[in-house]
Amino acid sequence: MITERIQYILGYSKKEFTQRNESESDVVKKFKELVAGLDLPRNDDRYLLRWLRARDFDLLKAEKMLRNHLEWRKKYQVADLTDDWKPIEVLQKCYPVGIIGEDKSGSPVWLIRHGKLDIRGILQAVTIEEFVRYTVWMLEKSARIMERQSMKLGIDVSKQTIIFDLEHWSFQDLVFKPGMDVAMELIKIFEANYPEAMGYTFVINTPKFFQMAYSLLKPILSETTLSKIKIHGYDKSIWTSDILGVVPAEVLPKALGGRAVDPDGNEWCESLVPGGGPIPECYKTGSESFGDEEEYKFDDDVMSTFL
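Scope of this entry: the structure provided in the associated data block. Please read all numbers here as calculations on a predicted model, not as lab measurements. (Residues numbered from 1 in each chain as written. Predicted model: local features only at pLDDT ≥ 70, side-chain atom pairs only at ≥ 80, totals over all residues. Heavy atoms only, no water.)

1. What about the overall build of the protein chain?
Part 1: Counting its secondary structure elements, the protein chain contains 13 helices and 5 strands.
Part 2: Buried residues in the protein chain amount to 49% of all 307 residues.
Part 3: Put simply, of all contacts in the protein chain between residues at least 6 apart along the chain, 76% involve residues at least 24 apart.
Part 4: Taken as a whole, the protein chain presents about 16000 Å² of accessible surface, with 52% of it coming from carbon and sulfur. (Helix = DSSP H or I, 4+ residues; strand = E, 2+ residues; numbered from the N terminus. Buried < 20%, exposed > 50% of the residue type's maximum accessible area, 1.4 Å probe, protein only. Contact = heavy atoms within 4.5 Å. Areas by Shrake-Rupley, 256 points an atom, 1.4 Å probe, with all protein chains shown as cover.)

2. Side note on the packing of aromatic side chains
Where two aromatic rings form a pair, the distance of their centres and the angle of their planes describe that pair.
Part 1: One pass over the full model with this rule turns up 12 aromatic pairs.
Part 2: On the basis of an interplanar angle of 50 degrees and a centroid distance of 5.7 Å, the ring pair of Tyr95 and Tyr134 is categorised as tilted. In this pair, Tyr95 is assigned in the loop between helix H5 (89–94) and strand S1 (97–102) and Tyr134 in helix H7 (residues 128–153), connecting sequence segments 39 residues apart.
Part 3: On the basis of relative accessibility, which here comes to 8%, the residue Tyr95 falls in the buried class.
Part 4: Each ring, one from Phe190 and one from Tyr194, has its centre 6.2 Å from the other, and the planes form 20 degrees; the classification is stacked. For the pair formed by Phe190 and Tyr194, the shared burial category is buried. (Phe/Tyr/Trp six-rings, centres within 6.5 Å; stacked < 30°, edge-to-face > 60°.)

3. With respect to the side chain of Glu140
Part 1: Relative to the helices and strands, Glu140 resides in helix H7.
Part 2: Judged by its relative accessible area of 8%, Glu140 is buried.
Part 3: Of the polar contacts made by the side chain of Glu140, one reaches the side chain of Arg73; its length is 3.3 Å.
Part 4: Once residues within four sequence positions are removed from consideration, Glu140 is found in contact with Arg73, Val78, Leu81 and Tyr194. (Polar contact = N/O pair within 3.5 Å; in protein donor to acceptor, adjacent residues only side chain to side chain.)

4. Regarding helix H10 (residues 210–217)
Part 1: Counting buried residues in H10 gives 6 out of 8 residues, a clear majority hidden from the surface.
Part 2: Phe210, Met212, Ala213, Tyr214, Leu216 and Leu217 are the residues of H10 that are buried.

5. Overview of the environment of Val273
Part 1: Within the fold, Val273 resides in the loop between helix H12 (236–244) and helix H13 (300–306).
Part 2: What makes Val273 buried here is its relative accessible area of 0%.
Part 3: Sequence-distant contacts of Val273, defined by excluding residues within four places in its chain, comprise Pro96, Val97, Gly98, Ile100, Leu111 and Arg113.

6. Brief notes about the sheet that holds strand S2 (residues 108–112)
Part 1: Reading across from one edge, S1-S2-S3-S4-S5 is the order of the 5 strands in this open sheet, with mixed pairing throughout. The two strands at the open ends of the sheet, each matched to only one other strand, are S1 and strand S5 (229–231). The average angle at which neighbouring strand axes cross in this sheet is 20 degrees, direction not considered.
Part 2: Relative to strand S3 (residues 160–165), S2 runs parallel, the two sharing 4 bridges. Within S3, the position partnered with Ile112 by the bridge is Phe164. (Pairing = 2+ DSSP bridges. Axes fitted to C-alpha atoms, helices over the stretch in contact; angles between N-to-C directions.)

7. What to know about the environment of Lys30
Part 1: Assignment of secondary structure puts Lys30 in helix H2 (residues 22–34).
Part 2: Between the C-alpha atom of Lys30 and that of Leu59, which follows or precedes it by 29 residues, the distance is 8.1 Å.

8. Looking at the packing of helix H9 (residues 177–193) against H10
Part 1: Relative orientation of the contacting elements H9 and H10 amounts to 45 degrees, with a least axis distance of 11 Å. Taken together, the axes of H9 and H10 are oblique relative to one another. For the element pair H9 and H10, the recorded crossing hand is right-handed. Contact residues: Met180, Met184 and Ile187 in H9; Ala213, Leu216 and Leu217 in H10.
Part 2: Tallied by class, the residues present in the contact of H9 with H10 amount to 6 nonpolar, no polar and no charged. (Parallel < 35°, antiparallel > 145°, perpendicular 65-115°, else oblique. Left-handed = near helix turned anticlockwise from the far one by under 90°. Nonpolar A, V, L, I, M, F, W, Y, C, P; charged D, E, K, R; others polar.)

9. Here we look at the pattern of salt bridges
Proximity of charged atoms lets side chains of opposite charge pair with each other.
Part 1: If you walk through the whole model with that rule in mind, you get 18 salt bridges.
Part 2: In this structure, Asp83 and Arg144 form a salt bridge, with 2.9 Å as the shortest nitrogen-oxygen distance. Of this pair, Asp83 sits in the loop between helix H4 (59–75) and H5 while Arg144 sits in helix H7, and the two are 61 residues apart along the sequence.
Part 3: Classification of Asp83 by relative accessible area gives partly exposed; the value is 45%.
Part 4: Put simply, Arg42, Asp44, Arg46, Arg50, Glu147 and Asp156 are held in one network by salt bridges that share partners. (Salt bridge = Lys/Arg side-chain N within 4 Å of Asp/Glu carboxyl O.)

Pasting the structure below:
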């Protein structure tokens, strides 16, 4: 088992994190000189290489991206989002997102049960800013985990695996404009500030109208990101096999075709990923109410194509 794991890690690292050739090393050296005066969270080659790769090794574009990132971190006080940061209770208990373990390369595996997210209820309990900040905290947490894994395994662990489950996601959820606006904002934050951080992404249980949402999101996703997304419908046998090629069965929840269960037998591993569902009334502040004007309006031709 250990030998298989090591072989898999080595194979994965050769494919996804190929060793830099001499020309890459030269560019990294020049980039390091270019950003020498910046107050960077990290200054190692692996960190700098991510910004270069995100901009196809264009030094000036990579520098601009990194400078914008540093301004963003300062403006939103991202450095304060440490492991000791205390998240808002309703998000910690009801936001169905979490890390379920490591994939076969040692990278964290995120399970996002988006179909169980009560976004209307969430936005009646917290502000959009609080929701975004909590999500950024989770991204920072994942980045710290990957850095520790890199040190432990001796390879560049920088790409997380994501399982995005849309079971129970409704058309009403899709057209809820505040929810769509938040989703697009989070994607923009991820693309601009966490380059080269996304590995395999499995989108499963996709309804037909998913393509409507995807048509809105694709323009803000890079080609690199799009190439890593695998979209599956409701055929569990197909997407389970696909996921198990990357995620060990002992990590994947039994409900998704793996073998992992909670100590109490819960097959969704809700000790790691909250089950979601309707937000309890006790958490709602009553400060937000949503009507028909909060619906996202798709063009008629788009509606007729995907419905």
